[in-house]
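# Close look at the chain arrangement
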Amino acid sequence: MRSVTSIVVFFAAALAAFGQEPPATTAPTPAPAPTSAPPAKAVDYPAFAGGTHVEFFAEQNKYRAYLANPADFILFDETFIAGDVGGDLSFGGFSYSKNKGTSGPGPTEPDKRAGLDVGYTAGLGVMALGAYRFGPWMAGGSFEFNRDAASLGYNGAGMTLDSFFTTDDGWIDVDVVSQRYGITAVGAAALEPHFAGVSFSFKPERLEGEYDFEYLPAPGETGTHRFDTLWGRRELKEYRVKGGYSFKPGGAYDVGGAFGVRVLRSTLNWRDESVEEEPSGIVNKGSTGDVDLKGVGVTIEGGGRYKLLDNLRAGGMLELQFIPGIRVDRRGERWDLVGPFGERTTQDYRLADAGERHVKFGGGLAFYPDEKTTLAFDYGYDRLTISADVYDDDSVEVDELQLSAYHTFTRLGAERWVIDNLAAKIGWEQNLFGYPRNVFFGGLTYKFDDDWLINYDYRGSQLTVNNLSLFVPFEDIVKPASHRFMITRYF
């Protein structure tokens, strides 16, 4: 909704008052009867402005716009705090027991007892967002936390799930946990029509998985005690400083851009070990190591909107990212021990020198059939290029790699203010490099009064492979279905 409704109401009231007879001067004017406050008006909230998810090129969602351009933090025209919670909201598990068997570790009797336990928590997260306004100045930021986890415990006969996962009789334990944090601090100034802002963000992520297998003969039985373990962890850290400017003359257009510096680090750690105990001795084989990736990049982002007609607006965006001079170092150790003797080897060398270039741009339209309805369409382009020189452990170049991937995507959406303070939205996104290719979203926005707003957003699940960055977050690849609930309090 736009300010047209307010203008019409204002002039209608002014004309009505102008056409009335003036009150008599000899009698006091009676006091007007008290009236209740008017209902909240949708005009206070532009289309697709609710929630922390949807943003179209021609329609800024103020809960997301400041992440691209800190100057857009001034879209919050008053002090507020907001809380967002949700995610896939899937919590579940499965348990099975045969003859009082357990899924925990211990002697294995596959022909007699067995136990199985599976549990998961998918896409659970929270976000806090707030801003404090004092005159033309604003300060605030956001904090977020997301977690996914899955576990499997089994003790019993050997099983084959597929050609990639086969076990012998014994105890199996698998645990996978992904955790991601995000802290963003923003400051902005509004010196109309010029707006400026700066932001700092820190976003660490940890993905950790562990697989353990043990075969322990039952008491009185002969056999080889065997233990295998495989552990891995990926840690991603991103520090970003960004400055932005926006020009909003209040007429038919607005335009802005931002420049940022990213400091990135990604670390892969792993350990695998296989131990067999026999009367003749112990055989222990395994390896441990880590790969460390470091890079510093710059980002350039721009965007704007232009009102073509009274009921049609166009928008566009451009994002460029360059990360040259990425260093990839490998360290590790291998061992093959038999009894008290064996062999150990260590490795410490430059694995590769790499670089990344990422280009995104797109355009869109927002059409307003009437004052309560918005129809939006986006079409975008995304291209990623990675180059690398790969070395062996003697620092000799063995490969020169060049990888590039690009895709286009479309997005459609519609929003309707059903009543003055209730809006409903629905939309569809398409990405050929994602599965499923088509993803639907929707939501509701309800304004209780001038102080309280509640929003619900839904987005379908998707597994994407288009972003092959060396520093891609796990949540950019695996996206569970999301139900988000947000409550905002204005002051």
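The structure under discussion appears in the preceding block.
No experiment lies behind these values; they were computed from the predicted model shown.

For the rest of this paragraph, the subject is the packing of aromatic side chains. Each aromatic ring pair is characterised by the separation of its centres together with the angle its planes make. A full pass over the atoms with the stated rule returns 17 aromatic pairs. Clustering of aromatic rings is evident, with ring pairs tying together Y63, Y66, F73, F76, F80 and Y490. When the ring centre of F56 is taken as origin, the NZ or CZ atom of R411, which lies over that ring, is 5.5 Å away. Taking the ring centre of F57 as reference, the NZ or CZ of R411 above it sits at 5.6 Å.

Here we come to the nonpolar core. Y63, Y66, F73, F76, F80 and L129 are the most contacted members of the largest nonpolar core, which totals 19 residues. Of all the secondary structure elements, the ones that give two or more residues to this core are α2 (62–68), β1 (80–98), β2 (114–134), β6 (170–191) and β21 (482–490). Those residues in contact with Y66, other than ones at most four positions away along the chain, are D72, F73, F76, M127, L129, S142, T184 and V186. Listed in part, the twelve residues of the second largest apolar core include L236, L264, L293 and A388.

For the structure on display, the rule yields 26 salt bridges. The residue D228 makes a salt bridge to R226 at a minimum N-O spacing of 2.8 Å. Classification of D228 as buried rests on a relative accessible area of 12%. A salt bridge links E273 to R271; its shortest N-O distance comes to 3.2 Å. The exposure class assigned to E273 is buried, which follows from its relative accessible area of 18%. If you follow the salt bridges from partner to partner, you end up with D72, K248, D254 and R305 in one network.

Once that is clear, we can look at a nonpolar patch on the surface. A surface patch of nonpolar side chains, amounting to about 820 Å² of accessible area, comprises V198, F200, Y239, V241, F259, V261, V263, V296, I300 and F322. Contributions of two or more residues to the nonpolar patch are made by β7 (194–215), β8 (225–247), β9 (253–278) and β10 (281–309). It is β9 that provides the largest number of residues to the nonpolar patch, a total of three residues. With respect to the element layout, F259 can be found in strand β9.

Let's shift gears to the environment of G315. Looking at where G315 falls in the secondary structure, it is placed in strand β11 (residues 312–338). G315 sits 61 residues away from D254 along the chain, and the two C-alpha atoms are 9.5 Å apart. For G315, the contacting residues outside a window of four places in its chain are F57, A58, G304, R305, G362, G363 and G364.

Let us look at unusual backbone geometry. Along the chain, E192 connects to P193 via a cis peptide bond; the corresponding omega equals 5°. Located in the positive-phi region is N99, a residue other than glycine, with phi close to 55°. Looking at the element boundaries, N99 is found in the loop between β1 and β2. A residue is classified by how much of its surface remains accessible, and N99, at 53% relative accessible area, is exposed. Non-glycine residue K100 carries a positive phi angle of around 65°. With respect to the helices and strands, K100 occurs in the loop between β1 and β2. Classification of K100 by relative accessible area gives exposed; the value is 78%.

About the thresholds
- Residues numbered from 1 in each chain as written.
- Predicted model: local features only at pLDDT ≥ 70, side-chain atom pairs only at ≥ 80, totals over all residues.
- Heavy atoms only, no water.
- Phe/Tyr/Trp six-rings, centres within 6.5 Å; stacked < 30°, edge-to-face > 60°.
- Lys NZ or Arg CZ within 6 Å of the ring centre and 35° of its normal.
- Core = buried A, V, L, I, M, F, W, Y, C linked by side-chain atoms within 4.5 Å.
- Buried < 20%, exposed > 50% of the residue type's maximum accessible area, 1.4 Å probe, protein only.
- Helix = DSSP H or I, 4+ residues; strand = E, 2+ residues; numbered from the N terminus.
- Contact = heavy atoms within 4.5 Å.
- Salt bridge = Lys/Arg side-chain N within 4 Å of Asp/Glu carboxyl O.
- Patch = residues over 30% accessible without salt bridge, like charges linked within 9 Å, V, L, I, M, F, W, Y side chains within 5 Å.
- Areas by Shrake-Rupley, 256 points an atom, 1.4 Å probe, with all protein chains shown as cover.

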